[in-house]
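# Secondary and tertiary structure notes
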Amino acid sequence: MDVAIVGGGYTGLWTAYYLARADPSLRIAVLEREVVGFGASGRNGGWCSAIFPATLRKVAAGSSRDGARRMQLAMNDTVGEIEKVIQDEGIVCDFARGGYVSVARNKAQWARAQAEVAGWRDWGFGEDHMRLLDATEASERLNASGVHGGTFTPHCAALHPARLVRGLASVVRGLGVRIHERTGVDELVPGRARTAQGDVTAGIVVRATEGFTAALPGLRRAIVPMYSLMVATEPLSDSHWAAIGLGQRETFSDKRHLRIYGQRTADGRIAFGGRGAPYHPGSRVRPSFDLDPRVHAMLRGVLRDLLPAVDGVSFTHAWGGNLGIPRDWYPSLSYDRASGLAHAGGYVGDGVATANLAGRTLADLITSQDSDLVTLPWLSRQSPRWEPEPLRWVGINAGTALFAVADRTEARTGRPSRAAATFWRALGH
Ligand SMILES: Cc1cc2nc3c(=O)[nH]c(=O)nc-3n(C[C@H](O)[C@H](O)[C@H](O)COP(=O)(O)OP(=O)(O)OC[C@H]3O[C@@H](n4cnc5c(N)ncnc54)[C@H](O)[C@@H]3O)c2cc1C
């Protein structure tokens, strides 16, 4: 093989796609422990968004103001790039570019919305990037309870995550890439990926294992798997939708600290998710962690509170999966020509678009393209390692609890939580 890619999610498959398109003579294999899309790529909230998890301030601190702006502009372009490939390749995945509305539902959230938009202006991004909405404009998009206002960006699309990953796998197979499912890799070393069935030899070995990375030798403290859980309603009636809004299939959230996210699916359901599930000691990953009745009940309650129109509606699905979080919440990618080892990931909860940018960039690096992408500031940077246990477990779960308390306090008092602000600053936001 010329290239062995470990992980059959968006990162692995976009990398394979752009490599095969750039150089059809390359022999490429994707090695996937389970089935394509088994990880977050097959079960996420379907926001194809231009959100880069590290703030512009943080990106600029490690590069320059121009570098940070270029990173954001590359993310904005990525939403259009995905739309283009989906159209060109005939991938049916319910893609709708309706933008993203985030409502502010108490005074503290409204203050954050205003500060956020002012922040974008300071960085030279105008109304076409992020707009402040008054209460009427915000409610027209999402008729949520207690709306003070909100923000809107056009740089987001809703899509069906599993259809995208399966469609992409089928396109990639059509380009001659070999996808080996049920093939777990135990170790990645220069020139080979070690599996229980034997070694796969390849000049270049790409790690695209995101929330599963901690199980690989030497990477236990590189990326933490955090669980994000989701629920979905039955298909809603036209009268429900008339009451809720989301006429452009905008993706939606509010400005709380403990992130929530939702979309109107093509078949008229609400798919809705959020953080709040515990981090498990030792960065363990288990199928049973996907289903946490307490967190699923909490999500149903949050959605009913956010959108009173869903009261009485049935919830038909509940699931979850893991995200990959680097210690500094800053995704990265690398390619070392000497060893042939490459990686991409650490997208926190924003990997749908970011993985495409990663795949394109890795393909450019591997095929020696002198493109703008290979100069973006997330290249070859090293996130610090996470703390050893039990410190890691204590710190992460304390942070989650702090955000949950801060959200409740802000809803009650309307005053911004100082503790949450301090914690965000400690994370470098
Ligand atoms: C519930 C949920 C909701 C989310 N919502 C959104 C959203 O709305 N928008 C957004 O941008 N992001 C969202 N995310 C994050 C996003 O889905 C991920 O960042 C993205 O899918 C990561 O893609 P990936 O290919 O890097 O990783 P994954 O999709 O996790 O793929 C990694 C693959 O590698 C395989 N693998 C792991 N280890 C090995 C090994 N040793 N050998 C072989 N194979 C291996 C796994 O089985 C898996 O299939 C969400 C995540 C979750 C869990």
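Refer to the structure printed above.
Since the model is a prediction, treat every value here as computed from it, not as a measurement.

Position of Leu 333 among the secondary structure elements: in strand β18 (residues 332-336). Each C-alpha atom, one on Leu 333 and one on Trp 378, is 6.5 Å from the other, the two residues being 45 residues apart in sequence.

This part is about the packing of helix α10 (residues 391-413) against helix α11 (residues 418-426). The contact between α10 and α11 brings their axes to 9 Å, and the two run at 140°. By the angle between their axes, α10 is oblique relative to α11. The way α10 lies across α11 gives a crossing that is left-handed. The segment α10 lies against α11, with Gly 399, Leu 402, Phe 403 and Ala 406 engaging Ala 419, Ala 420, Phe 423 and Trp 424. Among the residues forming the contact of α10 with α11, the class breakdown is seven nonpolar, one polar and no charged.

We now examine unusual backbone geometry. Going from Glu 389 to Pro 390, the amide bond is cis rather than trans, its omega being 10°. Phi at Val 348 is positive, roughly 55°, even though this residue is not glycine. The topology assignment puts Val 348 in the loop between β19 (341-345) and α9 (351-366). The buried category is assigned to Val 348, whose relative accessible area is 5%. Unlike most non-glycine residues, Ser 380 shows phi in positive territory, near 60°. The topology assignment puts Ser 380 in the loop between α9 and α10. On the basis of relative accessible area, Ser 380 is assigned to the exposed category, the value being 52%.

Further remarks concern the pattern of salt bridges. Tallying each qualifying case throughout the model produces 24 salt bridges. One salt bridge in this structure joins Arg 194 and Glu 187, with 3.6 Å as the shortest N-O distance. The class of Arg 194 is partly exposed, set by a relative accessible area of 32%. Owing to a relative accessible area of 30%, Glu 187 belongs among the partly exposed residues under this scheme. We note a salt bridge from Asp 328 to Arg 381, for which the minimum N-O separation is 2.8 Å. One end of the pair, Asp 328, is in the loop between β17 (315-326) and β18; the other, Arg 381, is in the loop between α9 and α10, and 53 residues separate them in sequence. A relative accessible area of 12% means that Asp 328 is categorised as buried.

This part takes up the side chain of Thr 400. Residue position: Thr 400 is located in helix α10. A relative accessible area of 13% places Thr 400 in the buried class. Excluding residues within four positions of it along the chain, Thr 400 makes contact with Met 226, Leu 258 and Gly 276.

Summed over the entire model, instances satisfying the criterion amount to zero disulfides. As a non-bridged cysteine, Cys 156 has Cys 48 as the owner of its nearest cysteine sulfur, 6.9 Å distant.

What counts as what
- Residues numbered from 1 in each chain as written.
- Predicted model: local features only at pLDDT ≥ 70, side-chain atom pairs only at ≥ 80, totals over all residues.
- Heavy atoms only, no water.
- Helix = DSSP H or I, 4+ residues; strand = E, 2+ residues; numbered from the N terminus.
- Axes fitted to C-alpha atoms, helices over the stretch in contact; angles between N-to-C directions.
- Parallel < 35°, antiparallel > 145°, perpendicular 65-115°, else oblique.
- Left-handed = near helix turned anticlockwise from the far one by under 90°.
- Contact = heavy atoms within 4.5 Å.
- Nonpolar A, V, L, I, M, F, W, Y, C, P; charged D, E, K, R; others polar.
- Buried < 20%, exposed > 50% of the residue type's maximum accessible area, 1.4 Å probe, protein only.
- Salt bridge = Lys/Arg side-chain N within 4 Å of Asp/Glu carboxyl O.
- Disulfide = S-S within 2.5 Å.

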